[in-house]
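Listed below, chain by chain, are the residues.
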Amino acid sequence: MPELPEVETVRRSLKPLLNKKQIERVEIYQPVVVAHPSAAAFREGLLGRRIVGFDRRGKYLILWLEREGRLVVHLRMTGRLLYTNREEPVAKHTHLIFFFADGQQLRYCDPRRFGRLWLLEKGEEDVYTGMAKLGPEPFAPPFGAAYLCNTLRNRRITIKQALLDQSVVAGLGNIYTDESLFVARIHPARPMDTLRLEEWEALADAIPRVLASSIENRGTSFRDYMDSLGRRGENLAHLYVYAQKGKPCKICGQPVERTVLAGRST
């Protein structure tokens, strides 16, 4: 699943390609990927509007439109946004295409069809996407050691389970939770009431550093994730523990062990 670094990489790759471009038409081949409004209203609401801004909130991509509308995209497990020209053959599992006047297209592809798109208009309350329930971004206050400690220390779950909760920190998933805990030298199965102040500080320092490094490497590609020009991320070679079972640890040289914690590979 694309996590914060992958979505941020997509945002950065789209910005120079789509800025000020006008949507000429929209073709929807699988209406299920449009979560709000109806597929017909989604199509009509986008016609003729220019894309004027690019944001990210957690794992959500936000394209701002003229007249203060927002096109929100959540890629979920296998979603991709690919920028291409009209001559390029349409790939299998392409469910939606945005057409631009210059002949370029933005195609939404998703083999598992878990991803979703929303169109929100000016003044419309967002009760649809789930963004209202997200915790803070890991790069700015209130995120920090005091926030993590005060929010989590009395919960009766493990530190890994807590960090996967999007209402605690926006954007973390299985990859970067494992990586951040390793960098902070905290076992993922630790109960939160056992963490000391210096460990909360180490974790608050590790999370943004791990995410920033992955963004610099344009995200982690295993199978499906690519940026909007079809380029794979380069962060896989820099991972310490995620998907490294049996390989020598980059710190101590011992084989990395895999376990399952709350149903997640760890």
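For the structure, see preceding data.
Worth saying up front: this structure is predicted, and the values here are computed from it rather than measured.

A. The arrangement of a nonpolar patch on the surface in detail. Together, Met1, Met77 and Phe114 line one region of the surface with nonpolar side chains, adding up to about 280 Å² of accessible area. As for its placement among the helices and strands, Phe114 is situated in the loop between strand 8 (104–109) and strand 9 (116–120). Assessed through its relative accessible area of 37%, Phe114 is described here as partly exposed.

B. How the structure looks around the environment of Ala170. Positionally, Ala170 belongs in the loop between helix 4 (159–163) and helix 5 (174–183). On the basis of relative accessibility, which here comes to 0%, the residue Ala170 falls in the buried class. With 32 residues separating them along the chain, Ala170 and Pro138 place their C-alpha atoms 7.0 Å apart. In this view, Ala170 contacts Leu4, Arg57, Gly58, Leu134, Gly135, Pro136, Glu137 and Pro138; residues no more than four positions away in its chain are not counted.

C. Highlighting the nonpolar core. Among the nonpolar cores identified, the biggest contains 31 residues, and Leu18, Phe42, Leu96 and Phe98 are the most heavily contacted of them. Here Phe98 is in contact with Ile23, Arg25, Val26, Phe42, Leu46, Leu71, Gln104, Gln105, Leu106 and Leu117, once residues within four sequence places are set aside.

D. Structural detail: the pattern of salt bridges. What the rule picks out here adds up to 19 salt bridges. Between Glu8 and Arg56 there is a salt bridge, and its shortest N-O distance comes to 3.1 Å. Pair noted here: Glu8 is in helix 1 (residues 4–18) and Arg56 is in strand 3 (residues 51–57), with a separation of 48 residues, a long-range link. For the residue pair Glu8 and Arg56, the accessibility class agrees, reading buried in each case. Between Glu199 and Arg196 there is a salt bridge, and its shortest N-O distance comes to 3.6 Å. Via salt bridges that share partners, Glu8, Arg11, Arg12, Arg56, Arg57 and Glu137 belong to a single interconnected network.

Rules used throughout
Residues numbered from 1 in each chain as written. Predicted model: local features only at pLDDT ≥ 70, side-chain atom pairs only at ≥ 80, totals over all residues. Heavy atoms only, no water. Patch = residues over 30% accessible without salt bridge, like charges linked within 9 Å, V, L, I, M, F, W, Y side chains within 5 Å. Areas by Shrake-Rupley, 256 points an atom, 1.4 Å probe, with all protein chains shown as cover. Salt bridge = Lys/Arg side-chain N within 4 Å of Asp/Glu carboxyl O. Helix = DSSP H or I, 4+ residues; strand = E, 2+ residues; numbered from the N terminus. Buried < 20%, exposed > 50% of the residue type's maximum accessible area, 1.4 Å probe, protein only. Contact = heavy atoms within 4.5 Å. Core = buried A, V, L, I, M, F, W, Y, C linked by side-chain atoms within 4.5 Å.

Remember, this is a structural readout, not a statement about activity or role.
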